[in-house]
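Here are the chains, one letter per residue:
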Amino acid sequence: AMPNSGEQQGRDAPAPPHLVFVPSAGMGHLLPFTRFIADLANENVEISVVTALPTVSAAEAAHFADLFAAFPRIRRIDFNLLPFDESAFPGADPFLLRWESLRRSAQLLGPLIAAAVPRASAVVTDVTLASQVIPIAKDELNLPCHILFISCATMLSLVAYFPVYLDGAKADHLVGDVDIPGVLRLPVSSPPQVLRNPDSLFTKQFIANGRTIAKSDGILVNTFRALEPEALSALNSGKVVPGFPPVYAVGPLKSSITMTTSTGSSDKDEGAAAGGSPMAWLGEQPAGSVVYVAFGNRHGVSLEQIREIAAGLEASGCGFLWVLKTTVVDREDTAELEDVLGRGFLGRVTGRGLVTKEWVDQEAVLQHPAVGLYLSHAGWNSVTESAAYGVPMLVWPTAGDQRVIATVVASAGFGLWMEHWDWESLVSGAEIGEKVKEVMGNEGIKARAAKVSEEAAKAVAEGGSSHRSMQEFLAKLKPST
Ligand code: UDP
Ligand code: UDP
């Protein structure tokens, strides 16, 4: 735990560094921040977290509450956002709108961080806020500013290189393949497809942030050397962008605290899931027999596709645990399982399958010996969790950075990427069932997953590559003055 200030540190010892975290919105962004913060809680550092309430999703609100309850010494700095007229962006993704709102309120951060006690010694922020927060930290407050990057190093290389690519192509949007020096040539279909539209809010943010991260003092990435050796070397040797700041691979980050999120405590999901609590149910299944199915927090699956997935799982003959989402924002998901899945489905799969609309502790699920495969959207947090616990993957990217991430899964060999499965056209239940069966029986992928999990454990153990990167990052921090 964190030291109790004064008396334990001897009279002349310098005050510990004080890190101020400025996270962004969406569980995929928030989780790596809280995991990193929980890791640091064992080190001699003071921590504050800038918190914009209310959050977009219920899961984020519960997660913040858990963090502050688990670590009472972590300070919360309330960030009251400026009024922001969302109606100017009809139909836009609510999380993207929150990023924009955080960015437009960023000028308020200077005084908030300046008022922190003890005095802040460094800022750590999310890539979505980089172009706003870096100048405030560095120019206004004279503090070092780091990015905690929430996707893979390969994606970071794209973010960093994209402005150079645009200048070379004399374009203001994605117009062709992106050949990232020292990393790989990404086909035009791989980067977030919204980058084809120069007028989208996402594209504007992405380019502004990409141009500015080179001015940060360092970038922490939730990955490890054995998983992305080329991308990490290319970034750190200046091949991607000359003079790029140091990139610290510190992953895979894990939860060192149990999150009892009000949406996900194990006794609350009783009943909300058809068939009981997921963990209790998993306990009754044979080792390696269950397919875990989840597509992250950002994606509501269409009714038609849900029915095909259901048919596929039924046809596969495998056990399954399926976290089902029909809307982008969890608070809006009021659909009834029975209506969504079609009458009779739940009855037919009783005992063999469990479907839930509740938040599950995915890390606990992936660690469970009953789970033999993860059918996933290839969100980076999910991929690092699957890698850490040695669970083979079948990946079906939805959007955003997920096709770039899928290339990492495929090249590391612990999963199969169905490149022609997209979410615009319907993937049939028959095909889903076939592929699930196929990967469940694939010994090569299983062996690779076990190996990757060993490498992950080595990376974070004392003396491992991620452990050393973390120590290097900490050693650079200045004491609070
Ligand atoms: N997650 C979870 N329980 C759920 C749904 C998601 O614990 O019911 C976690 C999951 O373990 C992962 C994160 O939420 O850590 C999702 O992040 P990811 O980057 O995989 O995808 P995103 O949601 O950003 O698309
Ligand atoms: N991203 C970025 N700069 C931005 C906004 C996003 O580099 O200004 C990255 C982000 O880290 C992620 C991807 O682009 O890797 C966005 O993916 P997506 O649209 O799926 O949203 P997310 O899952 O991050 O919420």
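Residues numbered from 1 in each chain as written. Chains lettered and ligands numbered in written order. Predicted model: local features only at pLDDT ≥ 70, side-chain atom pairs only at ≥ 80, totals over all residues. Heavy atoms only, no water.

### Some words on the overall build of the protein chain
Right, so step 1: Of regular secondary structure, the protein chain possesses 18 helices and 15 strands.
Right, so step 2: Relative to its length of 481 residues, the protein chain is compact, with a C-alpha radius of gyration of 22 Å against a globular reference of 23 Å.
Right, so step 3: A buried classification covers 57% of the 481 residues belonging to the protein chain.
Right, so step 4: Excluding contacts between residues fewer than 6 apart, the proportion of contacts in the protein chain whose partners are at least 24 apart in sequence is 72%.
Right, so step 5: For the protein chain, the exposed area adds up to about 19000 Å²; of that, 52% sits on carbon and sulfur atoms.
Right, so step 6: Looking at the protein chain, you have 38 positive and 52 negative side-chain charges, and the mean spots of the two groups are 5 Å apart. (Helix = DSSP H or I, 4+ residues; strand = E, 2+ residues; numbered from the N terminus. Rg over C-alpha atoms; globule rule 2.2 N^0.38 Å. Buried < 20%, exposed > 50% of the residue type's maximum accessible area, 1.4 Å probe, protein only. Contact = heavy atoms within 4.5 Å. Areas by Shrake-Rupley, 256 points an atom, 1.4 Å probe, with all protein chains shown as cover. Lys, Arg positive; Asp, Glu negative; His and termini not counted. Charge placed at Lys NZ, Arg CZ, Asp CG, Glu CD.)

### Examining the site of ligand 1
Right, so step 1: Around ligand 1, the structure places 16 residues, and the nearest of them are Asn297, Val360, Asn381, Ser382 and Glu385.
Right, so step 2: Asn297 is positioned such that a nitrogen or oxygen atom in its backbone is 2.6 Å from an oxygen atom of ligand 1.
Right, so step 3: For ligand 1, an oxygen atom lies 3.2 Å from a polar atom in the side chain of Gln362.
Right, so step 4: Relative to its unbound accessible area of 540 Å², ligand 1 is 92% covered by the protein chains.
Right, so step 5: Put simply, the parts of the chain that give the shell around ligand 1 at least two residues each are helix H1 (27-40) and helix H14 (380-388). (Near = heavy atom within 4 Å. Polar contact = N/O pair within 3.5 Å; in protein donor to acceptor, adjacent residues only side chain to side chain.)

### Focus: empty space enclosed by the protein
Right, so step 1: Applying the stated rule across the entire model yields two cavities of 30 Å³ or more.
Right, so step 2: Quantified by volume, the largest cavity comes out at close to 110 Å³.
Right, so step 3: Around the largest cavity, the lining comprises 14 residues; the ones closest to its centre are Pro23, Ser24, Ala52, Phe64 and Leu102.
Right, so step 4: For the lining of the largest cavity, the class distribution of residues is nine nonpolar, three polar and two charged. (1 Å grid on protein atoms, 1.4 Å probe; cavity = no way out; pocket = protein on both sides within 12 Å on 5 of 7 lines; lining within 4 Å. Points joined across faces, edges and corners; volume = space filled by probe spheres on them. Nonpolar A, V, L, I, M, F, W, Y, C, P; charged D, E, K, R; others polar.)

### Thoughts on H1
Right, so step 1: The end-to-end C-alpha distance of H1, which contains 14 residues, comes to 20 Å, matching closely the 20 Å that a straight helix rising 1.5 Å per residue would cover.
Right, so step 2: Among the 14 residues of H1, 12 are classified as buried, and the element is accordingly described as predominantly covered.
Right, so step 3: Along H1, the residues that are buried comprise Met27, His29, Leu30, Leu31, Pro32, Phe33, Thr34, Arg35, Phe36, Ile37, Ala38 and Leu40. (Expected span 1.5 Å × (residues − 1).)

### Overview of the pairing of strand E1 (residues 18-22)
Right, so step 1: Counting buried residues along E1, five of its five residues qualify, which places the element largely inside the surrounding structure.
Right, so step 2: Of the two faces of E1, the one holding His18, Val20 and Val22 and the one holding Leu19 and Phe21 are both buried throughout.
Right, so step 3: Pairing of E1 with strand E2 (residues 46-51) involves four bridges; the strand directions are parallel. Its bridge partner being in E2, Leu19 is matched across the sheet by Ile47.
Right, so step 4: The parallel pair E1 and E2 is bridged by H1, and the resulting crossover is right-handed.
Right, so step 5: By the bridge criterion, four bridges tie E1 to strand E4 (residues 122-125) in an arrangement that is parallel. Among the inter-strand pairings, Leu19 is bridged to a residue of E4, identified as Ala122. (Pairing = 2+ DSSP bridges. Right-handed = clockwise from strand over helix to strand, strands pointing away.)

### Here we look at the environment of Leu97
Right, so step 1: Along the chain, Leu97 turns up in helix H3 (residues 94-104).
Right, so step 2: According to the relative accessible area criterion, Leu97 is buried, its value standing at 4%.
Right, so step 3: Separated by 189 residues in sequence, Leu97 and Pro286 place their C-alpha atoms 44 Å apart.
Right, so step 4: Once residues lying within four places of it in the same chain are set aside, the contact partners of Leu97 are Phe84, Glu86, Phe89, Ala92 and Leu201.

### A look at the site of ligand 2
Right, so step 1: In the vicinity of ligand 2 lie 16 residues, with His29, Val159, Asn209, Arg298 and Asp401 positioned nearest.
Right, so step 2: Separating an oxygen atom of ligand 2 from a backbone N or O atom of Phe206 is a distance of 3.4 Å.
Right, so step 3: Taking 520 Å² as the accessible area of ligand 2 by itself, protein coverage stands at 90%.
Right, so step 4: Broken down by secondary-structure element, the contributors of at least two residues to the shell around ligand 2 are helix H6 (153-169) and helix H7 (201-212).
Right, so step 5: If one sorts the elements of the shell around ligand 2 by residue count, H7 sits on top with four residues.

### Considerations on the packing of aromatic side chains
Right, so step 1: Counting across every chain of the model gives 15 aromatic pairs.
Right, so step 2: Here Phe84 and Phe89 contribute two aromatic rings whose centre-to-centre distance is 6.0 Å and whose plane-to-plane angle is 40°, an arrangement assigned as tilted.
Right, so step 3: By relative accessible area, which is 19% here, Phe84 ends up buried.
Right, so step 4: Here Phe295 and Trp423 contribute two aromatic rings whose centre-to-centre distance is 5.0 Å and whose plane-to-plane angle is 75°, an arrangement assigned as edge-to-face. In this pair, Phe295 sits in the loop between strand E10 (290-294) and helix H10 (303-316) while Trp423 sits in the loop between strand E15 (415-417) and helix H16 (429-440), placing the two residues 128 residues apart along the sequence. Neither residue differs from the other here; Phe295 and Trp423 are each classed as buried.
Right, so step 5: A network of ring pairs unites the aromatic residues Phe21, Phe33, Phe36, Tyr248 and Phe473 as a single cluster. (Phe/Tyr/Trp six-rings, centres within 6.5 Å; stacked < 30°, edge-to-face > 60°.)

### Observations concerning the sheet that holds strand E12 (residues 353-356)
Right, so step 1: The six strands are arranged E12-E11-E10-E13-E14-E15 in an open sheet whose pairing can be described as parallel. The open sheet has two free edges, formed respectively by E12 and E15, since each of these has just one partner strand. Shown here is a sheet whose adjacent strand axes are inclined to one another by a mean of 15°, direction ignored.
Right, so step 2: Here strand E14 (residues 393-395) runs beside E15; their pairing, made up of three bridges, is parallel. Paired with Leu394 across the two strands is Leu416, which belongs to E15.
Right, so step 3: In this fold H10 packs onto E10 and strand E11 (319-323), with an angle of close to 160° to the strand it touches most, E11.
Right, so step 4: Here H16 sits on the sheet and contacts E10, strand E13 (371-376), E14 and E15; the angle it forms with E13, its principal contact strand, is near 140°. (Axes fitted to C-alpha atoms, helices over the stretch in contact; angles between N-to-C directions.)

### Some details on the sheet that holds strand E5 (residues 145-149)
Consider a sheet: its strands pair through backbone hydrogen bonds, and that pairing is either parallel or antiparallel.
Right, so step 1: Overall, parallel pairing links the seven strands, which are arranged E3-E2-E1-E4-E5-E8-E9 in an open sheet. For this open sheet the edge positions go to strand E3 (75-78) and strand E9 (247-249), each flanked by a neighbour on one side alone. In this sheet, neighbouring strand axes are inclined to one another by 25° on average, regardless of whether the strands run parallel or antiparallel.
Right, so step 2: Both strand E8 (residues 218-221) and E9 contribute to a ladder of three bridges, which runs parallel. From the neighbouring strand, Leu220 faces E9, where its bridge partner is Tyr248.

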